[in-house]
Amino acid sequence: MVKLSYIRPFGIVCLLFSLLLVSVQTITAKSSKEPKRHFDGIDVSHHQGKINWSEVAKNRQIQFVYIKATQGTTIKDEYYERNIREARKHGLRCGSYHYLSSKTPIRQQFRHFYRTIKRYSQDLIPMIDVEREGVRGWTRKQVQDSVAVFAGLIKKHYGKRPLIYSQVSFYNSHLAPRFNQNFLFLGKYSAERPSIKGVGRHNIWQFSERGRVNGIRGFVDLDRFMSGTSLSNIRL
C-alpha cells in the first residue's frame, strides 16, 4: 500500500510544473506575434489574387481601399470588377487607379480608364499610378506633361483633382514641384516618412509592401493618412 505522504508532494510538484509550462507557452506566443502597425488603408491588384472581402472588412483600421482598374489602353485588371463589387458590398470605401504607360497615347489611356470604372461605384477620387518602370523611355518633361493631361481629364469628368501615386524618389526626380499641390500618395518603405522637394506636403504614405491582413493571401501594401488628411479629403 502506497502512503499518502508520498502522493501529496508528488502531486504538488506536477501542478507547479504544469503552471510553469503554461506560463512559458503564453510568454512565447506573445513574443512571437508581429507588433501591430497603425494603418488607414490598403491598395490591391491582381497580385493579391482572390480576396476574401468579408474577412478584410472586419479589420476596423481600414478606412479606404484603392483598386487597380487599368493599365495602358488595353489592360484591365482581371480582379477589378470582383474587387470593387465585393469590397463595397462589405462596406469599404473604394477608389480606382490607372497604371500610366509610356507605350500608348495618354488620351486613349484615359478613355480606357473612364470606360472601365463606373462613376456610381466610386467612393474616392481616382488615382494615377506613376512608376519608373511604367513610364520608362519618357523624359522628365514627357512624364510631367502626360500626368498633367491625365489629371486634367479626371478633373474635367469627375470634378476633383486625382491622387497621384509614386515612389517618393521618382516623384522628387520627375514630378516635383509641379504637382505638389495635388493630393499625393507616396511610397517609401522605411520608418522615416517621405518628404517632397519644394513647397507642399504629401497626403498618404504607403509605408509597407509586406503587410498582412486577414482575408488576403500573401502580402499587401499598407497606407497611412498623414497629419491634416482624412477620408473626407479624398471622397469623390
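Use the structure listed above.
This is a predicted model, so every value here is computed, not measured.

**Student:** Give a description of the nonpolar core that names residues and reports values.
**Tutor:** Residues Ile42 and Val130 are the most contacted members of the largest nonpolar core, which totals 49 residues. Top contributing element to this core by residue count: helix H5 (residues 140–158), with seven residues. If you look at the next biggest cluster of nonpolar residues, it comprises 13 residues, including Tyr97, Met127, Tyr165 and Phe225.

**Student:** Quick one: what's the story with the packing of helix H4 (residues 106–116) against H5, residue by residue and with numbers?
**Tutor:** Taken N-terminus to C-terminus, the directions of H4 and H5 make an angle of 40°; their axes are 9 Å apart at the nearest point. Viewed along their axes, H4 and H5 form a crossing whose handedness is right-handed. From H4, Ile106, Arg107, Gln109, Phe110, Phe113 and Tyr114 reach across to H5, where they touch Ser146, Val149, Phe150, Leu153, Ile154, His157 and Tyr158. Residue classes in the contact of H4 with H5 are distributed as nine nonpolar, three polar and one charged.

**Student:** Tell me about the pattern of salt bridges, and please be specific about residues and values.
**Tutor:** For the coordinates displayed, the defined rule picks out 10 salt bridges. Note that Asp123 and Arg88 form a salt bridge whose closest N and O atoms lie 3.0 Å from each other. Taken as a pair, Asp123 in the loop between H4 and strand E5 (127–129) and Arg88 in helix H3 (residues 80–89) lie far apart in primary sequence, 35 residues in all. Judged by relative accessible area, which is 30%, Arg88 ranks as partly exposed.

**Student:** Give me the lowdown on the environment of Asn180, citing residues and values where you can.
**Tutor:** When you line up the elements, Asn180 lands in the loop between helix H6 (168–174) and strand E7 (183–187). Along the primary structure Asn180 and Lys197 are separated by 17 residues, whereas in three dimensions their C-alpha atoms are 8.4 Å apart. Contacts of Asn180, omitting those with residues within four sequence positions, involve Tyr171, Ile196, Lys197, Gly198, Val199, Gly200 and Arg201. In this structure the side chain of Asn180 is engaged in a polar contact, spanning 2.7 Å, whose partner is the backbone oxygen of Lys197. Within the structure, Asn180 has its side chain in polar contact with the backbone oxygen of Val199 (distance 3.1 Å).

**Student:** Pulling in residues and values, what's your account of the layout of surface pockets?
**Tutor:** Quantified by volume, the second largest pocket comes out at close to 350 Å³. The wall of the second largest pocket is formed by 21 residues, among which Asp43, Ser45, His47, Tyr97 and Asp221 lie closest to the centre. Residues belonging to the lining of the second largest pocket are distributed by class as follows: nine nonpolar, six polar and six charged.

**Student:** Tell me about unusual backbone geometry, residues and numbers included.
**Tutor:** Leaving glycine aside, a negative phi is the common case for residues, and trans is the common case for peptide bonds. That bond from Ala176 to Pro177 is cis: its omega, -5°, falls within 30 degrees of zero. One can find Pro177 in the loop between H6 and E7.

**Student:** Describe the packing of aromatic side chains, naming the residues involved and giving the relevant values.
**Tutor:** Taken as a whole and judged by the stated rule, the model has nine aromatic pairs. Seen from their ring centres, Phe64 and Phe225 are 5.1 Å apart, and the 45° between their planes marks the pair as tilted. Here Phe64 is found in strand E2 (residues 64–71), whereas its partner Phe225 is found in strand E9 (residues 220–225), with 161 residues between them in sequence. Pair check on accessibility: Phe64 and Phe225 agree, each one buried.

**Student:** Describe H4, listing the residues and the values that go with them.
**Tutor:** Listed in full, the buried residues belonging to H4 are Ile106, Gln109, Phe110, His112, Phe113 and Thr116. On an axial view of H4, the arc spanned by its buried residues comes to 160°, and they lie on one face. Exposed side of H4, more than 90 degrees from the buried face: Arg107 and Arg115 are the residues found there. Summarising the contacts, the buried residues of H4 are in contact with E2, strand E3 (75–76), H3, strand E4 (94–99) and H5.

**Student:** Quick one: what's the story with the pairing of E2, residue by residue and with numbers?
**Tutor:** When you tally the buried positions in E2, you get seven out of eight residues, the bulk of the element. In this sheet, E2 lies alongside strand E1 (residues 41–44) in parallel orientation, the contact comprising four bridges. By the bridge assignment for E2, Asp43 is matched with Tyr66. Inspection of the sheet shows E2 paired to E4 by six bridges, in the parallel sense.

**Student:** So what's going on with H3? Which residues, and what values?
**Tutor:** Residues of H3 that are buried: Tyr80, Asn83, Ile84, Glu86 and Ala87. With its phi angle positive at about 90°, Gly91 sits one or two positions after the end of H3.

Reading the values: rules and limits
- Residues numbered from 1 in each chain as written.
- Predicted model: local features only at pLDDT ≥ 70, side-chain atom pairs only at ≥ 80, totals over all residues.
- Heavy atoms only, no water.
- Core = buried A, V, L, I, M, F, W, Y, C linked by side-chain atoms within 4.5 Å.
- Buried < 20%, exposed > 50% of the residue type's maximum accessible area, 1.4 Å probe, protein only.
- Helix = DSSP H or I, 4+ residues; strand = E, 2+ residues; numbered from the N terminus.
- Axes fitted to C-alpha atoms, helices over the stretch in contact; angles between N-to-C directions.
- Left-handed = near helix turned anticlockwise from the far one by under 90°.
- Contact = heavy atoms within 4.5 Å.
- Nonpolar A, V, L, I, M, F, W, Y, C, P; charged D, E, K, R; others polar.
- Salt bridge = Lys/Arg side-chain N within 4 Å of Asp/Glu carboxyl O.
- Polar contact = N/O pair within 3.5 Å; in protein donor to acceptor, adjacent residues only side chain to side chain.
- 1 Å grid on protein atoms, 1.4 Å probe; cavity = no way out; pocket = protein on both sides within 12 Å on 5 of 7 lines; lining within 4 Å.
- Points joined across faces, edges and corners; volume = space filled by probe spheres on them.
- Phe/Tyr/Trp six-rings, centres within 6.5 Å; stacked < 30°, edge-to-face > 60°.
- Arc of directions from axis to C-beta.
- Pairing = 2+ DSSP bridges.

Keep in mind these numbers describe shape, not what the thing actually does.
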